[in-house]
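Letter by letter, the chains look like this.
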Amino acid sequence: MIPVTKTFLPPQEEYNSYVKRAWDKVWLTNRGELTIELEEKLKNFLDVSNIIITNNGTIPIQIALKLFGKGGEIITTPFSYVATSAAIVWENCTPVFVDIHPDYLTIDETKIEAAITPKTTAILATHVFGNPCDVAAIEKIAKKHNLKVIYDAAHCFGVTYNNESIFNFGDVSTCSFHATKLFHTGEGGAMFCNDADYHQLYYSHNFGHNGPLAFHGLGINAKISELQAAMGLAIFPYMNHIIDERKKVVDFYNNKLNFNTVQALKIRENTEWNYSYYPVILDSEETLLKVLDALAIENIIPRRYFYPSLNTIEYTKGEKMPISESIASRILCLPLYVGIPETDLENIVQIINTQTLQ
Ligand SMILES: Cc1ncc(COP(=O)(O)O)c(C=O)c1O
């Protein structure tokens, strides 16, 4: 089978050498030395002011919403993974959707102000597929209306915008280190923030602990285990290799797909992208289903990222979002991972080019 992605695994002995350290110390969690070492390495690699590693990429969104959403209305994107909207509803906030830009697929910043009400507390936008939102415009709106900005940057490992880590924008950015992501710890994630919010977020991810017997507000358990940190440390040396190899696959698709019949993602100007996904937008859902069937015959299984448009999910009770709904019905993410054979890429391109012409 050729899946949409394949987990990158380091040589097992390299993973084992980190696990042995946890074994020797008999220390498996509670921010052990492997977790702290990984945080330090990632902080330098990503060039961020602060990082708190968490046990997945959803809980940091929830923590940020708990602290800054305060049960209010959250301006958000309908085009993202379901975790973005679900976190809002889970935290007893109300999602207020704003439609997306048809090329960048990120929230349309020109439509945000019209959706703000006295109940709005925050903006939660996704840098979808690692493509940055218009962070400058969003910051301006947030300042004007005294709103917090949370970025779901689950897809953004290594992305820079205007030569700065994309994680440094907004009040809080979150990332996912799920096994399907560029950098991973099996399950895992992180939140990034400025100095002013760091302690509050840090306490929140560890039950609110401020010392063994003291508490600083409400908290939850969002800690990673040392076994997960070991995976991150073992993968870390391969990050540049992973990004380089993924770039080769993206270049292949860019050179070979017929862009008269498929639309590619437009990466925002001044972005150093991470080649995290290869979405193609087809002319109709009918064509998409035809392409899926033709690929399935060859055991090629891309994914309908992201479908459905989140405003159409029963519990979000969203208004109509014509652009997001249209894109969600026609978008497909193509197989993209380290080691995918060129013959498979040839096959994928040939099927898509043929099917979209008919
Ligand atoms: C945009 C987006 N946000 C949040 C998440 C949630 O991350 P996790 O699976 O690590 O909880 C994902 C996961 O794929 C995602 O794609």
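Note that the structure is predicted; figures quoted are calculated from it, not measured.

Colleague: What should I look at first to understand the pairing of strand β5 (residues 120–126) in this one?
Modeller: Two faces make up the sheet, and in a regular strand the side chains alternate between them. Counting buried residues along β5, seven of its seven residues qualify, which places the element largely inside the surrounding structure. Summarising the sheet, β5 and strand β6 (residues 148–152) pair through five bridges and their orientation is parallel. Residue Leu124 lies in a different strand from β6, and its bridge partner there is Ile150. Crossover connection from β5 via helix α5 (residues 135–145) to parallel β6: handedness right-handed.

Colleague: Any chance you could explain the environment of Tyr337 here in plain terms?
Modeller: In this structure, Tyr337 sits in the loop between β15 (331–333) and α11 (342–357). Under the relative-accessibility criterion, Tyr337 is labelled buried at 3%. Sequence separation between Tyr337 and Ile243 is 94 residues, and the spatial gap between their C-alpha atoms is 9.6 Å. In contact with Tyr337, other than residues within four places in its own chain, are Ile2, Pro3, Val4, Thr5, Lys6, Arg246 and Val249.

Colleague: When you look at the packing of helix α1 (residues 12–25) against helix α2 (residues 33–46) in this model, what are you seeing that I'm missing?
Modeller: Two measures define how a pair of helices packs: the angle their axes make with one another and the distance between the axes. The N-to-C vectors of α1 and α2 enclose an angle of 140°; their axes lie 10 Å apart at closest approach. In terms of orientation, α1 and α2 fall into the oblique class. Two secondary-structure elements touch here, α1 through Tyr18, Arg21, Ala22 and Lys25 and α2 through Glu33, Leu34, Glu37 and Lys41. Of the residues that constitute the contact of α1 with α2, the class distribution is three nonpolar, no polar and five charged.

Colleague: Can you walk me through the environment of Gly170 in this structure?
Modeller: Mapped onto the fold, Gly170 is located in the loop between β8 (164–165) and β9 (172–176). Ignoring anything within four residues of it in the chain, the contact list for Gly170 reads Val149 and Tyr151.

Colleague: Could you clarify how one ought to interpret the packing of helix α3 (residues 59–68) against helix α4 (residues 82–90) in this entry?
Modeller: At a minimum axis distance of 9 Å, the contact between α3 and α4 shows a crossing angle of 40°. As the angle between them shows, α3 and α4 are arranged oblique. α4 is crossed by α3, and the crossing has right-handed handedness. In contact with Ile61, Gln62 and Leu65 of α3, α4 contributes Ala87, Ile88 and Trp90.

Colleague: I keep staring at the pattern of salt bridges and nothing clicks. Help me out?
Modeller: Oppositely charged side chains can form a pair if their charged atoms are brought close together. The final tally for this structure, using the stated rule, is 18 salt bridges. Measuring nitrogen to oxygen at the nearest pair gives 2.9 Å for the salt bridge that ties Lys247 to Asp251. Taken together, the positions of Lys247 and Asp251, both in helix α8 (residues 239–256) and four residues apart, correspond to about one turn of that helix. A salt bridge links Glu325 to Lys320; the shortest N-O distance between them is 3.0 Å. Taken together, the shared-partner salt bridges connect Arg21, Lys25, Glu33, Glu37 and Lys41 into one network.

Colleague: Sorry if this is basic, but what is going on with the domain arrangement of the protein chain here?
Modeller: The extent of an interface is frequently quoted as the accessible surface area lost upon association of the parts. The domain architecture assigned to the protein chain consists of domain 1 (12–237) and domain 2 (239–357). Computed over C-alpha atoms only, the centres of domain 1 and domain 2 are separated by 25 Å. Facing the 43 residues of domain 1 at the interface are 38 residues of domain 2. Across the interface of domain 1 and domain 2, roughly 3400 Å² is buried in total on both sides, 64% from carbon and sulfur atoms. For the domain 1 face of the interface with domain 2, the top three residues by lost area are Tyr104, Phe129 and Leu182, together amounting to 23%. Taken together, the connections running from domain 1 to domain 2 amount to zero salt bridges.

Conventions adopted
- Residues numbered from 1 in each chain as written.
- Predicted model: local features only at pLDDT ≥ 70, side-chain atom pairs only at ≥ 80, totals over all residues.
- Heavy atoms only, no water.
- Buried < 20%, exposed > 50% of the residue type's maximum accessible area, 1.4 Å probe, protein only.
- Helix = DSSP H or I, 4+ residues; strand = E, 2+ residues; numbered from the N terminus.
- Pairing = 2+ DSSP bridges.
- Right-handed = clockwise from strand over helix to strand, strands pointing away.
- Contact = heavy atoms within 4.5 Å.
- Axes fitted to C-alpha atoms, helices over the stretch in contact; angles between N-to-C directions.
- Parallel < 35°, antiparallel > 145°, perpendicular 65-115°, else oblique.
- Nonpolar A, V, L, I, M, F, W, Y, C, P; charged D, E, K, R; others polar.
- Left-handed = near helix turned anticlockwise from the far one by under 90°.
- Salt bridge = Lys/Arg side-chain N within 4 Å of Asp/Glu carboxyl O.
- Domains from an automatic or database assignment.
- Buried area = accessible area lost by both parts, 1.4 Å probe.

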